[in-house]
Structures are given as C-alpha cells and as structure tokens.
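Below, each chain spelled out in residue letters.
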Amino acid sequence: DGGITQSPKYLFRKEGQNVTLSCEQNLNHDAMYWYRQDPGQGLRLIYYSQIVNDFQKGDIAEGYSVSREKKESFPLTVTSAQKNPTAFYLCASIGTGLAKNIQYFGAGTRLSVL
Amino acid sequence: QKEVEQNSGPLSVPEGAIASLNCTYSDRGSQSFFWYRQYSGKSPELIMFIYSNGDKEDGRFTAQLNKASQYVSLLIRDSQPSDSATYLCAVRYGQNFVFGPGTRLSVLP
C-alpha cells in the first residue's frame, strides 16, 4: 500500500536530549513537509523540502533540524534547543499530476517530555 | 503574515441538520482552499478543495468560495454523529499551506 509512514507513534524526550522522528513515503512525491500541532490549534509549518538535498525553514524552525538525503525520507530532529517540544508532529507530502493539490498526511508522532 | 481564521467552536447541531463552518483568510494572493477533517488524536484527512469562486459539491459536503470577501465555507448536509470532529481550513500559497486553528463540530444524536 502506498502512503506515508511515521515512527514512532509515541516518543518521550529527556531534558537535554535530541530525538529524531522518522517519515518515509513510497508515493514518489517530491515535496515533503513537517508540521507541529498543539492542542486546540492548527498546524504550523516547521520545515519543508521540494527536492532531495534541499529544504527550507517554515514559521517555527528554531530548535529543529531536517535532512533530505533520499526522496523517500525526511527525518525531523528535535534538538535540546527546543524548550517546549511537547506536541503532535505530522509529516506530509504533496501529490503530483492530477493529485498535485492534495496533501497526504502520515499518522503522526506524539512527543512528550519526561 | 498570512493568516487563516476560524471560529473555534464548539459548534453543536442536531443530527440531520445542516452544519455551516466558516473561514476567512488575509492574503488575496491565495489560489487554493482546502477543508480537512481531523478526529481526536488522528491526522487530518482531506474533505475537498476549491479554487474557483462559487460552490463545489461532493456528496453531503458543499464548499463555497468568495474571493472578493476572502471567505470560504463548508456546509455539511444531513449531519451525522460520525461527522463530529475538528474541521481545519487551509489556504495554499505556492508550495506552502497555512492552516486555521480549526472548528470543533459536535453532532448530537
């Protein structure tokens, strides 16, 4: 089945620790996105990438880092500089051709601080 | 700063009624407009999108766009308890999407 796979589903971070959230897609999509969602709020853009080896900061990039070494993979690292990381993290990609307006989402990773 | 605003609700309607959800956006350069449904603890799922002024219908859902007023709405006819969720409005600017905070809808049996 084609889709976007995020792992883990739940993640706990200790103070001062970096953690990495995985996002893999087998849809052959070029553009991929990371969003953060806090309770009762909409999605805020952290980073996006339109092509391999290139990515751009979104509105709330501070304390986060990404890489795009392969088309299928767009991992997000939450660094120790992010002082309030507790949130629901969503990875997405945009379709191509007839589906070029459709943004597909993974199931999300819920990050909490120990 | 591109902004998308929605009434956070909750909006409560009885089963079988029409639910009306509204969204306004700040930037006239917006080209495409999206409605997503998000159940608690789940990721958003696309209901429909619209990019031309007027109405677009898909089953029980109708999206309405008025670019002059910078306003987009979603009507849900014959509302069902399974429609109870948060509805997110999103506006596309080039390759980026800006999301509103969402409106929580509760359909009462």
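Up top you'll find the structure we're talking about.
Residues numbered from 1 in each chain as written. Chains lettered and ligands numbered in written order. Predicted model: local features only at pLDDT ≥ 70, side-chain atom pairs only at ≥ 80, totals over all residues. Heavy atoms only, no water.

Caption draft 1: Just the overall build of chain B, in detail. On a plain count of helices and strands, chain B comes out with zero helices and 11 strands. Ordered by position in the sequence, the α and β elements of chain B form the string β-β-β-β-β-β-β-β-β-β-β. Here chain B has a C-alpha radius of gyration of 13 Å; the compact-globule value for 109 residues is 13 Å, and the two agree. Structurally, chain B occupies a C-alpha span of about 40 × 30 × 20 Å along its principal axes. Considering chain B as a whole, with its 109 residues, one finds that 45% of them fall into the buried category. In chain B, once contacts between residues fewer than 6 apart in sequence are set aside, the share between residues at least 24 apart is 54%. Separation between the mean location of the 10 positive side-chain charges and that of the 10 negative ones in chain B comes to 6 Å. (Helix = DSSP H or I, 4+ residues; strand = E, 2+ residues; numbered from the N terminus. Rg over C-alpha atoms; globule rule 2.2 N^0.38 Å. Buried < 20%, exposed > 50% of the residue type's maximum accessible area, 1.4 Å probe, protein only. Contact = heavy atoms within 4.5 Å. Lys, Arg positive; Asp, Glu negative; His and termini not counted. Charge placed at Lys NZ, Arg CZ, Asp CG, Glu CD.)

Caption draft 2: Fine view of the pairing of strand S2 (residues 10–13) of chain A. Residues and elements named next belong to chain A. Burial of S2 is one-sided: the residues Leu11 and Arg13 facing one way are buried, the residues Tyr10 and Phe12 facing the other way are not. Note: S2 against strand S11 (residues 109–113), four bridges, orientation parallel. Paired with Tyr10 across the bridge in S11 is Arg110. (Pairing = 2+ DSSP bridges.)

Caption draft 3: Quick peek at the side chain of A:Gln37. By the element assignment, A:Gln37 lies in strand S4 (residues 32–37). For A:Gln37, the residues in contact, after removing those within four places along its chain, are A:Gly42, A:Leu43, A:Ala87, A:Phe88, A:Leu90, B:Gln38 and B:Leu88.

Caption draft 4: Here's a closer look at the interface of chain A and chain B. With 22 residues of chain A at the contact, the number on the chain B side is 18 residues. Here chain A and chain B share an interface that buries about 1600 Å² over both sides, 52% of which is from carbon and sulfur atoms. The interface formed by chain A and chain B contains zero salt bridges. Where chain A touches chain B, the interface holds three residue pairs in polar contact (both at pLDDT 80 or more). For the side of chain A that touches chain B, the element with the highest residue contribution is strand S5 (residues 43–51) of chain A, accounting for four residues. A breakdown of the residues in the side of chain A that touches chain B according to their chemical character gives 12 nonpolar, eight polar and two charged. (Buried area = accessible area lost by both parts, 1.4 Å probe. Salt bridge = Lys/Arg side-chain N within 4 Å of Asp/Glu carboxyl O. Polar contact = N/O pair within 3.5 Å; in protein donor to acceptor, adjacent residues only side chain to side chain. Nonpolar A, V, L, I, M, F, W, Y, C, P; charged D, E, K, R; others polar.)

Caption draft 5: Expanded view of the nonpolar core. Counting residues in each nonpolar core, the largest one holds 25 residues, and the members touching the most others are B:Trp35, B:Val72, B:Leu74, B:Ile76 and B:Tyr87. If one sorts the elements of this core by residue count, strand S9 (residues 85–93) of chain B sits on top with five residues. (Core = buried A, V, L, I, M, F, W, Y, C linked by side-chain atoms within 4.5 Å.)

Caption draft 6: Spatial organisation of unusual backbone geometry. A cis amide bond links A:Ser7 with the next residue in sequence, A:Pro8, at an omega value of -5°. Checked against the element boundaries, A:Pro8 lands in the loop between strand S1 (4–7) and S2. Of the consecutive residues B:Gly9 and B:Pro10, the connecting peptide bond is found in the cis state with omega at 10°. As for its position among the elements, B:Pro10 is in the loop between strand S1 (4–5) and strand S2 (11–14). Of note in this structure, A:Asn53 is not a glycine but carries a positive phi near 65°. Checked against the element boundaries, A:Asn53 lands in the loop between S5 and strand S6 (54–57). Backbone geometry places B:Gln70, a non-glycine residue, at a positive phi of 55°.

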